[in-house]
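Chain and residue survey
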Amino acid sequence: MAEAADFLGMSPSPARRWLRRSGALLAAAPLLAGLLQLPISTSASAAEKTSVAEATGSSTVDVSLDSLSPSAPTDGDTLTVSGSVTNNGKQAVTDAHVGLRVGPSLNTRSAIDTAAKRTGFQLGLDPFEVGGKYVVKFSKLAPGVSQHFSISVPVKDLDLGSEGVYQLAVSLTGRTAAQQWDQVLGIQRTFLPWQPDEAGTKTKTTYLWPLISTVHLTAETGSDEAQTPVFKNDDLAKEISPGGRLDQLLSLGSDLDVTWVLDPDLLASVDAMRDSYRIQGENGTTTAGKNQAVAKAWLDKLEKTVQDEKVVALPFADPDLASLAHNGKDVTGSLSHLKDATDVASSTVETILHVKPSTEFAWPADGAVDPSIVKVATSAGADKVIARSDSLRETGGLPYTPSAARPIGGGTTAVVADARLSTAFQGDMTKADNSTLAVQEFLAQSLMINLQESQKQRSIVVAPQRMPSASQAQTMAQALKALQDGNWSEYQGLAAAAKAKPDTGATTKVPSASSYPSSLRKQELPRSAFEQIQATQSKLDNFQVILTDKARVVTPFGRAIDRGMSTSWRGRASEAETFRKGVQSYLNDLTGLVRLIDKSDAKLSGRSATIPVTVQNNLVQGVDHLVLRLTSRQPTRLKIGDGPYQERPIQVAGEHSQSVKFTTSAEANGPVKVVAQLYTEDGQPYGPEVTFEVKVTEITPTVMLVIGGGVLLLVLAGFRMYTQRKRAAARQAEEDPEDGPEAEGVNKDADGTVDTEDTEGSENGPEGESGAEHGADDPEHPSDPTPDTAPESTDPSGTGERVDR
């Protein structure tokens, strides 16, 4: 922000005293040089003078400031400072005491920065001790030993003057065997914000309170009707359990005036835990989750907490806007994922928490923006971008920190969060000393903003880290509680801050792409990640066309694709790639459950036959809108239907198979490659093709032998009938030439036997057998199909691979 917001303020009475004393000391510098040669000086001022000669002396003892209460005192309060001192030297410290040093006041935000960075005691810059009874004495402090201290002093005894930010230091003064005089052996600095009365004009402060986590849900769901969700692990249960990170964030935030910033994916994930859920194990196994009660309790508490509160919903799974802008926007379909994630955000929050959130805000990682990020961030409908002042820097030379709202063109508003306040709690807050110092510096910077232009009300936004740890959240809450109890700030929601009147001199120019921090760029998802995501989406689009219940697949996979673009993957490139591959692999497994059964080679004897092809559906739901195409690679030898291929529509119930028969006709002998392939109705191939060989034998040698034998038997039978009739007629003429027509057709032998005239039943012996064989084997046309007997189909048939007639 406007770090040029340095202004000349009036120094209170302690500061004036400090200036007078330091001036006298500087004037007596020649005398001090001589006094340094004396063996012992018992005065506190002498100790401070000698510390100049010993450059490392004030680092001998580590002073830890573990608590300061109240953080922002007012009239009538008693300030209590507690902590510990640890002797890090090799010699014991004797005749030691811990005391407070207050003043002078600081006049600029930059002065606060400078004071916070200083280490070691510096005469002329550090104030004198309050002294008197407000000290804690230690007769001896052995090497490596720590001692606790606590000092309470009425604020009136600090003799503070007008409102302002005062330096506050805790120091240990003592002696060592090598240096037998009083000296400052350790010091810790912090700040004391002093606003005893209500400020005439208060700063409007917006504090974002994020409930965001990493990705926990996979794309996998159970095949049961409820589609039991599958989690990567059970870490989310730890976060929402009592004492967990998200549980503490919820509990702490419920007592504060904040704008809640929610990732709908977190809500959806916890909601998925309320009923039956499973956890991924090794080798594809899963185990039952057992934290349903924890999930229900956390969501119930959150629902009650956010009623009538300001709630902002980020796009589902908090997509990485900078990665999209720099590496993904040129990959087909990538921006559509951001639109889908934005569209589903509001409905997810409303369904689970029964509150209507604002979805008009986009929040790039660390508030870093450039033109492409702003363009992508607003492409899905958001018209407000949460930036940060270390990205959208002030260049107009304003003497104060301007309001957060900035019009940046195209109807877009940049809500510029204050960088100092937003990054105040990013360190290790598990140490009480770090936490206390962070709180005091946060309050000091906030008060200094209000003092810069005391008659001009401004709207300030604080956007902390996305996923604060439990200790960071505790420190944030402590600072925010002190701020809200203070006399210079009042709460304002994010939407109101975005609508506040902008300062005319504030920067509105979005920085160029070259100014984007390289450290953040290194954490981005690469282009290959978006290409992989798009490949998965294309396969999903192809798959859903055939489903009768699309929601069972499209919804979990759509959300999983969103999770693959999450900002939470920053700094975890290998884990992000593993997740994306897992989504892709599981989709491949599902699509593979609808497939063609492999076919073995077959033989076709004759001019026509039917070939069956089987489609298997191992999904629990039915599939439709599929087309099965059987194609002959050599239609001049074998036709499928009336041409080179034939298509049949396919509809298969869940966990069933269906066989489809195709009519074929042979044109010439020889082997033919035949290809079976499934297609969606829009002509896209579905799954791998199945190729097999059909050996076509239009008229086989066996058929020729059978036909030739039949013709020969007919000729022989006709010739025999002719000769028999001639012999019978000759005998009749010789034996009874007198007989007339009435005896025609009957022959009487000498023994009186009557023989019929040439009927089929008169054939006996070898001739009769030949006649019977001919009657059993009627003449066949060479083009008629013949049975696929063993001599014609010597290869074994696979299951379902019979060529049907």
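Now for a quick tour of the structure. Note that the structure is a prediction, hence the values are computed from the model and not measured.

Rules of the game
- Residues numbered from 1 in each chain as written.
- Predicted model: local features only at pLDDT ≥ 70, side-chain atom pairs only at ≥ 80, totals over all residues.
- Heavy atoms only, no water.
- Helix = DSSP H or I, 4+ residues; strand = E, 2+ residues; numbered from the N terminus.
- Contact = heavy atoms within 4.5 Å.
- Salt bridge = Lys/Arg side-chain N within 4 Å of Asp/Glu carboxyl O.
- Buried < 20%, exposed > 50% of the residue type's maximum accessible area, 1.4 Å probe, protein only.
- Pairing = 2+ DSSP bridges.
- Expected span 1.5 Å × (residues − 1).
- Arc of directions from axis to C-beta.
- 1 Å grid on protein atoms, 1.4 Å probe; cavity = no way out; pocket = protein on both sides within 12 Å on 5 of 7 lines; lining within 4 Å.
- Points joined across faces, edges and corners; volume = space filled by probe spheres on them.
- Nonpolar A, V, L, I, M, F, W, Y, C, P; charged D, E, K, R; others polar.

**Things to note about the side chain of Thr190**
Residue placement: Thr190 occurs in strand 7 (residues 183-194). Setting aside anything within four residues of it in sequence, one finds Thr190 in contact with Leu65, Leu68, Tyr166, Gln167, Leu168, Leu437 and Gln440.

**Some points on the pattern of salt bridges**
A complete count under the given rule lists 31 salt bridges for this structure. Here Lys356 and Glu350 are joined by a salt bridge, their closest N and O atoms 3.7 Å apart. Accessibility expressed as a relative area gives 64% for Lys356, which makes it exposed. Members of the salt-bridge network, linked through shared partners, are Asp271, Arg274, Lys296 and Asp300.

**Comments concerning the pairing of strand 28 (residues 670-680)**
Counting buried positions along strand 28 gives nine out of 11 residues, so the element sits mostly inside the fold. In terms of strand pairing, strand 24 (residues 623-632) meets strand 28 through seven bridges, oriented antiparallel. Residue Ser632 lies in a different strand from strand 28, and its bridge partner there is Val674. Bridging between strand 28 and strand 29 (residues 685-697) involves nine bridges; their strand directions are antiparallel.

**Regarding helix 8 (residues 292-306)**
When the terminal C-alpha atoms of helix 8 are compared, their 21 Å separation across 15 residues agrees well with the 21 Å that a helix rising 1.5 Å per residue should span. Looking only at helix 8, the buried set comprises Val294, Ala295, Trp298, Leu299, Leu302, Thr305 and Val306. Along the axis of helix 8, the buried positions cluster into a sector of 125°, meaning they face one direction only. Among the exposed residues of helix 8, those pointing more than 90 degrees away from its buried face are Ala293 and Lys304. Looking one or two residues beyond helix 8, the residue adopting positive phi is Asp308, at roughly 65°.

**What about the layout of surface pockets?**
A volume near 720 Å³ is recorded for the largest pocket. Where the lining of the largest pocket is concerned, the elements lending two or more residues are strand 1 (61-69), helix 4 (109-117), strand 7, helix 12 (419-422) and helix 13 (432-452). Here the residues of the lining of the largest pocket are counted per class, giving 12 nonpolar, 10 polar and eight charged. Contributing elements (two or more residues each) for the lining of the second largest pocket: strand 9 (217-221), helix 7 (264-273), helix 10 (334-353) and helix 18 (551-563). Top contributing element to the lining of the second largest pocket by residue count: helix 18, with six residues. Among the residues forming the lining of the second largest pocket, the class breakdown is 11 nonpolar, nine polar and seven charged.

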